[in-house]
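# Results of the structural survey
Listed below are the residues making up each chain.
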Number of protein chains: 2
Amino acid sequence: MKEIILNLQKNSNEPLYIQIYKYIREEITANRIKRGAKLPSIRHLADYLNVSKITVDNAYQQLLVEGYIESRQRSGMYVQHIEEMLITPIEVNKMNICPTPSFNHIKYDFHYGTIDTDSFNFNIWRKLTSQVLKSSKVQLLQYGEPQGELDFREEIAKYLRLSRGVLCSSDQIIVTSGTHNSLQLLCELIDYNDRSIAIENPGWSNAKFIFEKNNFEITPIPLDKDGICLKTLKENSSKFVYVTPSHQFPSGIVMPITRRQHLLRWAKNSKTFIIEDDYDSEFRYMGRPIPSLQGLDDDERVIYLGTFSKSLAPSLRMSYMVLPKKLLDKYKQNVSMYEQSTSRLNQKTLQLFMADGYWERHIQKMRKVYRKKYSLLIKSIEDYLNSNVRLIGGNAGLHILLEIRNGMSEDMIIQKTEMAGVKIYPTSKYWMTHSDLEYPIFLIGFGGLSENQIIEGIELLGDVLNSN
Amino acid sequence: MKEIILNLQKNSNEPLYIQIYKYIREEITANRIKRGAKLPSIRHLADYLNVSKITVDNAYQQLLVEGYIESRQRSGMYVQHIEEMLITPIEVNKMNICPTPSFNHIKYDFHYGTIDTDSFNFNIWRKLTSQVLKSSKVQLLQYGEPQGELDFREEIAKYLRLSRGVLCSSDQIIVTSGTHNSLQLLCELIDYNDRSIAIENPGWSNAKFIFEKNNFEITPIPLDKDGICLKTLKENSSKFVYVTPSHQFPSGIVMPITRRQHLLRWAKNSKTFIIEDDYDSEFRYMGRPIPSLQGLDDDERVIYLGTFSKSLAPSLRMSYMVLPKKLLDKYKQNVSMYEQSTSRLNQKTLQLFMADGYWERHIQKMRKVYRKKYSLLIKSIEDYLNSNVRLIGGNAGLHILLEIRNGMSEDMIIQKTEMAGVKIYPTSKYWMTHSDLEYPIFLIGFGGLSENQIIEGIELLGDVLNSN
């Protein structure tokens with residue numbers, strides 16, 4: 001494609017992004033890029049073509065607006081499944097090109113945010129939605145509580161107590177539309193003078209983004225084998241620390257109970273607040289569940305964040321936050337100024353789903369499904385990958401890490417795997433400081449793939465990595 | 001009740017808020033405060049009992065947690081409709097009290113945020129929800145587009161073009177979970193150097209709160225008969241101005257087209273951006289609809305905010321924002337860091353609702369319903385209130401203003417009307433600067449009341465106001 005661009009640049013007055021857009025559009029209509037195929041990331045294509053990211057972004061936006069491609073959050077751009085597509089005769093020869101490997105479709109996408117959807121009980125959800133729409137009509141239409149519906153919060157409190165040892169009244173729970181929403185609201189409750197936070201490094205970059213835009217002073221703290229390095233943390237005087245102890249993102253480390261207790265003791269002594277992001281906690285494949293920091297805490301130092309995105313469905317936009325008293329008071333002072341982001345209908349449907357026992361059944365089922373996939377993933381890695389990879393996981397959650405020591409750079413691995421039709425996710429962006437990784441480390445999610453896809457995908461990955 | 005408190009304080013070690021909580025709880029269980037009754041506002045009760053607001057708030061929170069009362073956003077606390085309530089024998093005599101007038105239930109609540117719910121087509125909504133749950137299963141569960149579903153945005157763009165003259169592609173639309181959400185996101189897209197804004201005074205206090213927490217320098221601009229006073233605005237050098245031209249909140253002034261054109265011309269010359277909050281625009285009872293500022297603008301200076309909260313249902317949490325190119329680019333640079341707040345299911349259901357023509361039918365029906373209620377309200381005011389009131393309206397929206405010149409202060413009006421069982425809403429809090437109102441002005445909403453309730457409520461209001 002590089003050749004085309006160089007040619008076109010010489011020959012045309014059209015803006016570069018239009019040329020790129022037209023080229024991709026024609027590849028799609030001629031079916032040389034298949035439906036459902038994933039386009040290269042903006043960064044990747046921009047690098048490849050040696051054009052700016054804005055140029056590629058504009059080309060993609062035009063394709064998006066016209067319906068040729070769709071955008072999937074945290075995943076990228078995919079060619080749309082359009083029922084009838086006009087196949088226009090493409091003057092390929094005129095353009096003098098060969099299909100680039102970059103556009104081979106991705107068959108095995110090991111994204112870490114996608115969930116298994118086969119097991120979602122649509123019938124029950126539909127039945128309960130109907131039930132809610134029949135029963136609470138008038139109330140249902142007016143504004144609900146800013147904090148979220150009381151009955152729903154009661155169900156959440158009950159579930160958290162039984163499953164995570166979180167101890168709170170429904171009054172401490174704020175229903176939100178996602179972890180971003182929870183974090184943003186939380187930041188707003190924190191006095192400007194207290195806006196300093198220590199975060200895991202590597203850590204979830206979206207959380208860092210939210211703290212940054214709320215003017216927090218951010219200190220990255222390295223990890224050790226048990227999670228956030230307490231030794232380094234103790235040298236830090238931030239008022240807050242953000243941790244993902246159930247399944248550290250991205251490393252997968254599960255914080256053992258001793259570290260949790262030490263962390264809590266330090267927090268109590270130093271008067272630090274802990275933000276515990278328990279995003280993955282339902283899925284632990286070995287050993288007993290470890291109680292939440294919030295449940296072990298006796299000094300009201302923990303803000304607990306949970307979500308239904310991984311365990312139920314991310315499209316529902318249903319998450320929650322448990323506030324300790326001090327921050328709850330702050331929230332209540334201004335509660336009339338906040339609006340609830342989730343719809344009352346969804347809250348009430350999910351509340352019934354929980355109250356009628358479907359939620360518990362769903363979690364148990366998903367745990368089995370994911371445990372099986374996890375085992376299959378591990379076995380496939382053993383079967384197909386050489387010993388030049390090191391698996392970093394925690395026997396929990398919906399992803400593992402793979403450290404790849406075959407001599408390839410991160411970028412080369414990305415290129416070659418994509419060419420082969422496999423997508424795995426680089427982790428360099430999760431380091432706040434320049435990452436001093438000896439070898440590139442990749443995220444491999446498995447939630448959204450079928451068992452066969454996992455096996456085939458890892459086999460294909462093996463072909464790529466072992467060939468070096 | 002004051003007597004009780006004084007007595008109890010002498011006799012008890014219990015915290016004051018517990019005493020108040022117990023008293024109210026007993027009044028509720030003995031049915032002396034009826035189901036659905038509205039409790040006095042925290043401020044009002046605190047003043048009356050001469051205790052702190054926190055004390056009353058704590059008492060209310062306890063009642064809330066235990067399910068005796070429920071909180072309705074922007075409205076207050078209401079006694080819950082609990083099917084079976086234990087009636088415990090109340091030792092009233094022991095307490096030596098008389099029911100206080102403060103606890104007479106409010107029969108006529110002229111709140112400005114409630115909508116008419118009788119006309120919502122639950123059957124259709126249920127049918128469409130089912131349809132969506134049957135058709136798009138797998139896609140429906142995964143993350144949707146951060147910006148909102150493309151098809152849904154297409155419907156919104158189409159609707160806005162036809163109904164408000166807003167000219168945009170679906171690409172410029174961001175779906176949000178409410179006006180707060182829209183404003184917060186918008187603030188985040190604005191460079192720190194540009195965070196200065198002129199707002200209407202009086203104006204919507206929640207908007208001011210959001211600008212404040214995002215570190216905007218805020219300048220209040222007075223109104224004249226046509227809306228925000230352009231003369232004063234021109235002396236100001238804020239980079240942004242926030243207006244509610246379809247139905248100024250709270251005054252109800254509808255900005256005529258000449259003012260809109262002058263405003264736009266000034267914005268173009270001074271390179272100011274206009275935030276147009278078109279919250280009430282579907283309901284105009286006289287005259288032709290006035291095109292939106294966005295549609296009249298030719299310099300990409302207008303950010304358009306719309307919502308389904310007043311026209312469909314506030315519980316759905318569905319709103320949107322149309323960004324001009326410059327801010328849209330900014331959004332797209334960071335789009336991977338934003339998450340969509342509304343559920344995919346709701347978006348798709350509403351999209352079908354619009355695509356199948358139900359939305360248009362709904363709006364037409366609601367317009368008739370509200371036009372009738374509006375006329376009835378005006379007529380009742382003419383019939384029952386003396387000439388010592390002045391009506392300020394705009395023949396639009398779901399509320400009017402009443403200037404009350406009978407010699408009563410704002411607080412006295414609040415007290416006496418509540419005692420009579422009528423709730424009207426003071427506007428002093430909407431003035432940023434000390435309001436120099438000659439006479440108190442009250443918001444009278446009518447969306448959520450039946451026609452009979454409007455007539456009876458105004459008659460009752462007349463009894464109160466005319467008695468002075």
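One numbering rule holds for all chains: residues counted from 1, following each sequence as written. For naming, the first written chain is A and the first written ligand is 1, with later ones following in the order written. The model is predicted, so local features are restricted to residues of pLDDT at least 70 and side-chain atom pairs to those at 80 or more, both for listing and for counting; the totals for chains, interfaces and linings are taken over all residues. The basis for every side-chain value is the complete set of non-hydrogen atoms in the structure, without hydrogens or water.

## Let's talk about the pattern of salt bridges
Note the threshold: Here, a salt bridge means any Lys or Arg side-chain nitrogen found within 4 Å of an Asp or Glu carboxyl oxygen. A run of H or I in DSSP counts as a helix once it spans at least four residues, and a run of E counts as a strand once it spans at least two, with each numbered from the N terminus. Using a 1.4 Å probe on the protein chains alone, a residue whose accessible area is under 20% of its type maximum counts as buried, one over 50% counts as exposed, and one in between counts as partly exposed.
According to the stated counting rule, one finds 48 salt bridges over all chains in the structure shown. The partner of K330 of chain B in a salt bridge is D191 of chain B, with the nearest N and O atoms 3.1 Å apart. Of this pair, K330 of chain B sits in helix α14 (residues 325–333) while D191 of chain B sits in the loop between α9 (179–189) and β5 (196–201); the two residues are 139 residues apart in sequence, bridging distant segments of the chain. Classification of D191 of chain B as partly exposed rests on a relative accessible area of 41%. Ionic pairing is found between R390 of chain B and E403 of chain B, a salt bridge with its closest N-O pair at 2.8 Å. Remark: E403 of chain B occurs in strand β13 (residues 399–404) and R390 of chain B occurs in strand β12 (residues 389–392); sequence separation between them is 13 residues. We classify R390 of chain B as partly exposed; its relative accessible area is 39%. Beyond isolated ion pairs, a larger network of salt bridges with shared partners links D224, K225, D226 and R259 of chain A.

## Side note on helix α12 (residues 257–270) of chain A
Residues and elements named next belong to chain A. The criterion, for reference: Helix span, expected: 1.5 Å multiplied by one less than the number of residues in the helix. As used here, the arc belongs to the directions running from the helix axis to the C-beta atoms.
Taking 1.5 Å of rise per residue, 14 residues should cover 20 Å, and α12 covers 20 Å from first to last C-alpha, within 8% of that figure. Buried residues of α12: R259, R260, L263, L264, W266 and A267, and no others. Mapping the buried residues of α12 onto a view down its axis gives an arc of 165 degrees, with all of them on the same face. Positive phi shows up at K271, right after α12, with a value of about 60 degrees.

## What to know about the packing of helix α6 (residues 122–135) of chain A against helix α6 (residues 122–135) of chain B
Keep this limit in mind: To obtain an axis, a line is fitted to C-alpha atoms, over the contacting stretch when the element is a helix, and the angle between two such axes runs from 0 to 180 degrees between their N-to-C directions. Here roughly perpendicular refers to angles of 65 to 115 degrees, roughly parallel to angles under 35, roughly antiparallel to angles over 145, and oblique to all remaining angles. Contacts between residues were defined by any pair of non-hydrogen atoms, one from each residue, lying within 4.5 Å. Three classes are used: nonpolar for Ala, Val, Leu, Ile, Met, Phe, Trp, Tyr, Cys and Pro, charged for Asp, Glu, Lys and Arg, and polar for all others, with Gly counted as polar.
Here α6 of chain A crosses α6 of chain B at 170 degrees, and the two axes come no closer than 10 Å. Compared by their axis directions, α6 of chain A and α6 of chain B come out roughly antiparallel. In this structure, α6 of chain A uses F122, W125, R126, T129, S130, L133 and K134 of chain A to contact α6 of chain B, whose residues at the interface are F122, W125, R126, T129, S130, L133 and K134 of chain B. Of the residues assigned to the contact of α6 of chain A with α6 of chain B, the class counts are six nonpolar, four polar and four charged.

## Observations concerning the side chain of K373 of chain B
By the secondary structure assignment, K373 of chain B is in helix α16 (residues 358–384). Apart from the residues lying within four places of it in its own chain, the contact partners of K373 of chain B are D116, F446, G447, L449, S450, E451 and I454 of chain B.

## What to know about unusual backbone geometry
Residue and element names in this part refer to chain A. At the junction of N201 and P202, the peptide bond is cis and its omega measures out at 10 degrees in the coordinates. For P202, the location among the structural elements is in the loop between β5 (196–201) and α10 (205–213). For the peptide bond that leads from F249 to P250, omega is 5 degrees, which places it in the cis range. With respect to the secondary-structure elements, P250 resides in the loop between β8 (240–243) and α12. For N215, which is not glycine, the phi dihedral falls at a positive 65 degrees.

## Quick word on the nonpolar core
The line we're drawing: In plain words, nonpolar cores are sets of buried Ala, Val, Leu, Ile, Met, Phe, Trp, Tyr and Cys residues tied together by side-chain atoms within 4.5 Å.
Ranked by size, the top nonpolar core spans 130 residues in total, and within it F308 and L350 of chain A together with F308 and L350 of chain B carry the most contacts. Discounting chain neighbours no more than four positions away, the residues touching L350 of chain A are W125, F152, F308, L312, L316 and M318 of chain A. Counting residues in each nonpolar core, the second largest holds 76 residues, with I210 of chain A together with I197, W204 and F249 of chain B among its members.

## Let's talk about the domain arrangement of chain A
Residue and element names in this part refer to chain A. For clarity, the threshold we go by: Domains are outlined according to an automatic or database domain assignment. Buried area: the accessible area, evaluated with a 1.4 Å probe, that two parts lose upon being put together, summed over both parts. The term polar contact refers here to a pair of N or O atoms within 3.5 Å; inside protein, the definition further demands a hydrogen-donor-capable atom paired with an acceptor-capable atom, and it admits residues adjacent in sequence only when both atoms are side-chain atoms.
With domains assigned, chain A is organised as domain 1 (16–90), domain 2 (108–115 + 362–466) and domain 3 (141–356). Here the C-alpha centroids of domain 2 and domain 3 sit 27 Å apart. At the interface, 26 residues of domain 2 touch 31 residues of domain 3. At the boundary of domain 2 with domain 3, total buried surface from both sides reaches about 2500 Å², with 65% on carbon and sulfur atoms. Of all residues in domain 2, N395, Y430 and M432 give up the largest surface area on contact with domain 3, accounting jointly for 26% of the area buried on that side. At the boundary of domain 2 with domain 3, the tally comes to zero salt bridges. In this structure, the connection of domain 2 to domain 3 is made through 10 residue pairs in polar contact (both at pLDDT 80 or more). For the side of domain 2 that touches domain 3, the secondary structure elements donating two or more residues are α16 (358–384) and β13 (399–404).

## A few points about the pairing of strand β10 (residues 302–307) of chain A
All names here are of chain A. Convention followed: By the convention used here, strands pair only if DSSP detects at least 2 bridges between them.
With respect to burial, β10 is a largely interior element, six of its six residues being buried. Where burial is concerned, the two faces of β10 agree: the one with V302, Y304 and G306 and the one with I303, L305 and T307 are both buried. Relative to β10, strand β9 (residues 273–277) runs parallel, the two sharing four bridges. Counterpart to I275 in the pairing with β10 is I303.

## Examining the environment of C168 of chain B
Residues and elements named next belong to chain B. Relative to the elements of secondary structure, C168 occurs in the loop between α8 (150–164) and β4 (173–176). Along the backbone, C168 and K365 are 197 residues apart, and their C-alpha atoms lie at a distance of 27 Å. Setting aside chain neighbours within four positions, we find C168 in contact with A157, R161, I173, Q294 and V322.

## A few points about the sheet that holds β4 of chain B
Residues and elements named next belong to chain B. The strand order across the open sheet formed by eight strands is β4-β11-β10-β9-β8-β5-β6-β7, and the pairing between neighbours is mixed. Since the sheet does not close on itself, it has two edges, and those belong to β4 and β7 (227–228), each with one partner. Alignment of strand β6 (residues 217–224) against β7, held across two bridges, turns out to be antiparallel. Within the sheet, the bridge partner assigned to L223 lies in β7 and is I228.

## Description of the confidence of the model for chain A
Operational definition: Note on scores: pLDDT gives the predictor's confidence for each residue, bounded by 0 and 100.
Looking at chain A as a whole, its pLDDT mean stands at 86, while 90% of the residues score no less than 70. Ignoring residues within four places in sequence, the model shows residues 82–103 of chain A, a span with pLDDT below 50, making 34 contacts including any to other chains.

## So, the relation of the copies chain B and chain A
Note on the chain copies: they are related by a rotation about an axis and a translation along it. Applied cut-off: Copy-to-copy alignment: least squares on C-alpha atoms, limited to residues at pLDDT 70 or above in both.
Superposing chain B onto chain A takes a rotation of 180 degrees plus a shift of 0.1 Å along the axis, which leaves an RMSD of 0.2 Å. Here the copies are linked by what is in effect a two-fold axis. In this assembly the copies share their binding face: 99% of the residues contributing to the interface of chain B also contribute to that of chain A.

## As for the environment of E27 of chain B
Structurally, E27 of chain B can be placed in helix α2 (residues 16–29). Placed 400 residues apart in sequence, E27 of chain B and T427 of chain B show a C-alpha to C-alpha distance of 31 Å.

## Describing the sheet that holds strand β6 (residues 217–224) of chain A
Residue and element names in this part refer to chain A. Within the open sheet, the eight strands sit side by side as β4-β11-β10-β9-β8-β5-β6-β7. Their pairing is mixed. A strand with exactly one partner marks an edge of an open sheet, and here the two such strands are β4 (173–176) and β7 (227–228). Looking at chain direction, β4 and strand β11 (residues 319–322) are connected through four bridges and run antiparallel. Bridging across to β11, I174 finds its partner in M321. Taken strand by strand, helix α8 (residues 150–164) contacts β4, β10 and β11, and its axis lies near 110 degrees from that of β4.

## A word on the interface of chain B and chain A
Residue-level contacts link 67 residues of chain B with 67 residues of chain A. Between chain B and chain A, the buried area comes to about 6500 Å², and carbon and sulfur atoms account for 54% of it. Put simply, chain B and chain A have four salt bridges between them. R317 of chain B is the partner of E339 of chain A in a salt bridge, and the nearest nitrogen-oxygen pair spans 3.0 Å. Our count for the chain B to chain A interface comes out at 32 residue pairs in polar contact (both at pLDDT 80 or more). For the side of chain B that touches chain A, the elements supplying multiple residues, two or more each, are α4 (53–65), β1 (69–72), α6, α7 (137–141), α8, α9, α10 (205–213) and α15 (344–355) of chain B. Looking at the side of chain B that touches chain A, the element that brings in the most residues is α6 of chain B, giving seven residues.

## Quick word on the packing of helix α17 (residues 410–420) of chain A against helix α18 (residues 451–466) of chain A
Residue and element names in this part refer to chain A. Under the convention used in this document: Put simply, a crossing is left-handed when the front helix is turned counterclockwise from the back one by less than a right angle, and right-handed when it is turned clockwise.
Running from N to C, α17 and α18 cross one another at 135 degrees; their axes reach a closest spacing of 10 Å. Regarding the angle of α17 to α18, the classification is oblique. Considering how the two elements wind past one another, α17 and α18 form a crossing that is right-handed. Where α17 abuts α18, its residues I413, K416, T417 and A420 lie against L460, L461, V464 and L465. Of the residues belonging to the contact of α17 with α18, the class tally is six nonpolar, one polar and one charged.

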